[in-house]
Amino acid sequence: MTQPVTPPATHDGTPTSSPHDLELVRVPADHPDAVRLVEEVQAEYVARYGSPDASPFDQEVFALPSGAFFVGYLDGDAVATGAWRRSPVEALGSSVTAEVKRMYVVPRAQRRGLARRMLAHLEATAAEAGVEVLVLETGTLQPEAIALYTSAGYVPVPGFGHYRDSPLSRCFATDLRGRATTR
């Protein structure tokens, strides 16, 4: 008699999952799952920095062709978010840029490669939309984010945007030109 196979579990008992199990869905920025996840990341900013992200957030810039907003689902549970929007920032010799925004994975789903999968999806969809360079801003109190971006090939660029003069801000970019756009 065969025993049912139970998937391995993490230290807290939740099932492990592969980043390939992550279903990435383009949604409007005001979708209830997107709103909830953005509220969660804002709470994380308050815990780390003492206040939420105060940079302007116009939901309309995340609609094609200006941008795209995605929610990642594991077994129907919204666990990740990421978006890109067109940007006026010039970086790496290009003015055809977009900015990564609202990258977040809920704590219960972290350390499974989901953020890396979301980032790769943002890169692919931005490249498909004709973006040449992706830029982003993150903070020094988010070392795991900096490690993700640098390990994915992002390089430091001069500060830009709302936090350009903040000593806690770090800006990065990656060149999408010449990358295959098939996922």
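Model, not experiment: these values are computed from the prediction.

Scoring rules and cut-offs
- Residues numbered from 1 in each chain as written.
- Predicted model: local features only at pLDDT ≥ 70, side-chain atom pairs only at ≥ 80, totals over all residues.
- Heavy atoms only, no water.
- pLDDT = per-residue confidence, 0-100.
- Contact = heavy atoms within 4.5 Å.
- Buried < 20%, exposed > 50% of the residue type's maximum accessible area, 1.4 Å probe, protein only.
- Helix = DSSP H or I, 4+ residues; strand = E, 2+ residues; numbered from the N terminus.
- Pairing = 2+ DSSP bridges.
- Right-handed = clockwise from strand over helix to strand, strands pointing away.
- Core = buried A, V, L, I, M, F, W, Y, C linked by side-chain atoms within 4.5 Å.
- Polar contact = N/O pair within 3.5 Å; in protein donor to acceptor, adjacent residues only side chain to side chain.
- Expected span 1.5 Å × (residues − 1).
- Arc of directions from axis to C-beta.
- 1 Å grid on protein atoms, 1.4 Å probe; cavity = no way out; pocket = protein on both sides within 12 Å on 5 of 7 lines; lining within 4 Å.
- Points joined across faces, edges and corners; volume = space filled by probe spheres on them.

A. Spatial organisation of the confidence of the model for the protein. With 87% of its residues at a pLDDT of 70 or more, the protein has an overall mean of 88. A low-confidence stretch, residues 1-15 (pLDDT under 50), is modelled with 11 contacts involving residues beyond four sequence positions or located in other chains.

B. Main features of the pairing of strand β5 (residues 133-139). Summarising burial for β5: 6 of the 7 residues are buried, a large majority. Where strand β4 (residues 97-105) lies against β5, 3 bridges are found, and the strand directions are parallel. For A98, the partnering residue across the bridge sits in β5 and is L134. Between the parallel pair β4 and β5, the chain is carried across by helix α2 (residues 114-128), and the sense of this crossover is right-handed. Sheet topology places β5 next to strand β7 (residues 169-175); 7 bridges connect them, and they run antiparallel.

C. Representation of the nonpolar core. Counting 44 residues, the largest nonpolar core has F69, V79, W84, M103, L134 and Y149 as the members making the most contacts within it. For M103, the residues in contact, after removing those within four places along its chain, are V41, T81, G82, A115, M118, L119, L122, L148 and Y149. Core analysis: the next-biggest nonpolar cluster, separate from the first, contains 8 residues, V89, A91, V133 and C171 among them.

D. Examining the side chain of R102 more closely. When you line up the elements, R102 lands in strand β4. Reaching out from R102, the side chain makes a polar contact with the side chain of D53 at a distance of 3.0 Å.

E. Summary view of helix α1 (residues 32-49). In a regular helix each residue adds 1.5 Å, so 18 residues correspond to 26 Å; α1 covers 25 Å between its end C-alpha atoms and thus fits that length. Buried within α1 we find A34, L37, V38, V41, Q42 and Y45. The buried residues of α1 occupy one face: seen down the axis, they fall within an arc of 145°. In α1, the exposed positions angled more than 90 degrees off the buried face are occupied by P32, E39 and A47. Residues of α1 that are buried make contact with β2 (67-74), β3 (77-87) and β4. G50 occupies a position one or two residues after α1 and carries a positive phi of about 90°.

F. Seen up close, the layout of surface pockets. There is about 1,000 Å³ of room inside the largest pocket. Contributing elements (two or more residues each) for the lining of the largest pocket: α1, β4, α2, β5 and α3 (143-151). With 7 residues, β4 is the largest single contributor of residues to the lining of the largest pocket.

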